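# Remarks on the overall topology
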Amino acid sequence: MIRTQRLAAGLCALLAALTAGLAFPAGAVADETTANAPKVNLVLDVSGSMRAKDIDGGSRMAAAKQAFNEVLDATPEEVRLGIRTLGANYPGDDRKTGCKDTAQLYPVGPLDRTEAKAAVATLTPTGWTPIGPALLKAAEDLDGGTGSKRIVLISDGEDTCAPLDPCEVAREIAAKGIGLTIDTLGLVPNVKMRQQLSCIAEATGGTYTSVEHTEELTDKVNQLVDRAADPVVTPVATQGADSCAKAPTLKSGLYTDREEFGQERWYRVDLDPGKELRASVSVSADRTMNPDYGVLVRAVTVHGREIVRGEAAGNGRTDVVSTGLRYPKAESDDDDAPAETVCVQVTNSYSAAAGVKTTPGMPLELTVDVVDGPSRASDVASFGLGRGWWLLGALVLAGFLAGVLWGWLSRWRVAVWRTN
């Protein structure tokens, strides 16, 4: 009996040890996954000015709440998301107290959508705009882990708590080398706010966007949260030339350059038969511009024939204008057929407002992808007209038939007139 009890006890101990041995590696894997998870901290301005009703007929606060709810629904499972507020709790006039008014509304971690939405629903526009202190606390919220870290700051006004300059705070965060990016969104911006939020974003390699509609706010925040979940891609600095002959040859990748007002920038891409070129370009208006501007990207042969183009225009309400193109090159029966050199030209029609410096050029971001082409690829440009050749042919045929019919009717009318 005693032996049986000892044997049972030994088996239980062995099973417990095996269970623990299996559990610890799983826990280690879970901890490692959590440590590598991308983190995003949404920092929302809840100061008194958010009561203003100038976004789609509603208040700025209502637009922010609606956008947050939609963003929470769309947040990828792997993203650890948190929400921090500034100016949400202190309604008084004491500046010292108001400039400490920042709180963690929802901790950075696995997202409980219902709980996060309930927290957002309690927000009421209240007090000051302590952007600098809020950024410092938001950076602390993201401390630890090796995954990407991103702060998305949404504000409708500049900081009211100087001398703690939020731009200097952003530079300090960047200097720590923790890989934290700050993106800023300005609700119904003015010039001073645009300058401050742009400076914050630029200090950490982030982006600034002005927003005047709820849908714009939702789309941009969703884009930034999704970007945090994507592998980090570091753009490669390049320098386009003033002609195709002098242009650098680019491979698939993300590139940055500077383009002056009205300037042309040329790049070259080698395209093998059966491959497709996809190119997109974004030009940022990082200073005050005159309204009505545009960006054009063209694919051109080395002999100057246009293959295909993409273009986009802005009216002064957007800070970034983007466009793109695609060009599939047909397969060749010759296995040794050489690659075609495609010249990619980027031009703009921006003009600076009075007193604004024109140098350095505006930030330009160029994405080049060379992928497998469709099974029946062809020269979609057809000497610059693309599929317009079909329309042109139809118009020529219709014109010819109309001319024959009109001529026959005219001769018939003349013959009848002479007979009568």
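In this report, the structure presented in the accompanying data block is examined. Just so you know, these numbers come straight off a predicted model, no measurement behind them.

### Structural notes on the sheet that holds strand β9 (residues 264-271)
Pairing within the open sheet is antiparallel, and its four strands lie in the order β9-β14-β11-β12. The open sheet has two edge strands, β9 and β12 (306-314), and neither has a second partner. Shown here is a sheet whose adjacent strand axes are inclined to one another by a mean of 15°, direction ignored. Bridge count for strand β11 (residues 293-300) against strand β14 (residues 340-348) is six bridges, and the pairing is antiparallel. Along β14, the bridge assignment pairs V300 with C343.

### A short note on the packing of helix α2 (residues 60-74) against helix α4 (residues 113-121)
Between α2 and α4, whose axes approach to 10 Å, the crossing angle comes to 170°. Relative to α4, α2 is oriented roughly antiparallel. For the pair α2 and α4, contact is made by K65, F68, N69, L72, D73 and A74 and by R113, A116, K117, V120 and A121, respectively. Class assignment of the residues belonging to the contact of α2 with α4 gives a composition of six nonpolar, one polar and four charged.

### Considering the environment of E168
Note on placement: E168 falls in helix α6 (residues 166-175). Through-space distance from the C-alpha of E168 to that of C199 is 9.0 Å; in sequence the pair is 31 residues apart. Here the side chain of E168 touches R171 through a polar contact of 2.6 Å, side chain to side chain.

### Structural notes on helix α8 (residues 214-229)
Taking 1.5 Å of rise per residue, 16 residues should cover 22 Å, and α8 covers 23 Å from first to last C-alpha, within 8% of that figure. Of the positions making up α8, those classed as buried are T214, L217, T218, K220, V221, N222, L224, V225 and A228. For α8, the elements touching its buried residues are β1 (39-45), α2, β2 (80-86), β4 (149-155), β5 (180-187) and β6 (208-211).

### A short note on the pairing of β1
Taken across its seven residues, β1 has seven buried, putting it largely inside the fold. Alternating residues of β1 divide into K39, N41, V43 and D45 and V40, L42 and L44, and every residue in both groups is buried. Pairing of β1 with β4, which is carried by six bridges, proceeds in the parallel orientation. Pairing of L44 across the sheet is with I154, part of β4. Pairing of β1 with β2 involves seven bridges; the strand directions are parallel. Its bridge partner being in β2, V43 is matched across the sheet by R84.

### Describing a negative patch on the surface
Together, D56, E70, E215, E216 and D219 make up a region of like negative charge exposed at the surface. Per-element accounting of the negative patch gives the leading share, three residues, to α8. Mapped onto the secondary structure, E216 falls in helix α8. The partly exposed category is assigned to E216, whose relative accessible area is 36%.

### A few points about the nonpolar core
Nonpolar side chains in soluble globular proteins tend to be buried together. Counting residues in each nonpolar core, the largest one holds 31 residues, and the members touching the most others are L42, L44, I154, L185, L217, V221 and V225. No other element matches the seven residues that α2 contributes to this core. Apart from the residues within four sequence positions on either side, L217 is in contact with A63, A64, A67, I154, L185, L187 and V211. By size, the runner-up hydrophobic cluster in this structure holds 28 residues, among which are Y267, I307, L325 and V368.

Criteria and cut-off values
- Residues numbered from 1 in each chain as written.
- Predicted model: local features only at pLDDT ≥ 70, side-chain atom pairs only at ≥ 80, totals over all residues.
- Heavy atoms only, no water.
- Pairing = 2+ DSSP bridges.
- Helix = DSSP H or I, 4+ residues; strand = E, 2+ residues; numbered from the N terminus.
- Axes fitted to C-alpha atoms, helices over the stretch in contact; angles between N-to-C directions.
- Parallel < 35°, antiparallel > 145°, perpendicular 65-115°, else oblique.
- Contact = heavy atoms within 4.5 Å.
- Nonpolar A, V, L, I, M, F, W, Y, C, P; charged D, E, K, R; others polar.
- Polar contact = N/O pair within 3.5 Å; in protein donor to acceptor, adjacent residues only side chain to side chain.
- Expected span 1.5 Å × (residues − 1).
- Buried < 20%, exposed > 50% of the residue type's maximum accessible area, 1.4 Å probe, protein only.
- Patch = residues over 30% accessible without salt bridge, like charges linked within 9 Å, V, L, I, M, F, W, Y side chains within 5 Å.
- Areas by Shrake-Rupley, 256 points an atom, 1.4 Å probe, with all protein chains shown as cover.
- Salt bridge = Lys/Arg side-chain N within 4 Å of Asp/Glu carboxyl O.
- Lys, Arg positive; Asp, Glu negative; His and termini not counted.
- Charge placed at Lys NZ, Arg CZ, Asp CG, Glu CD.
- Core = buried A, V, L, I, M, F, W, Y, C linked by side-chain atoms within 4.5 Å.

Any functional reading would require information beyond the geometric quantities listed.
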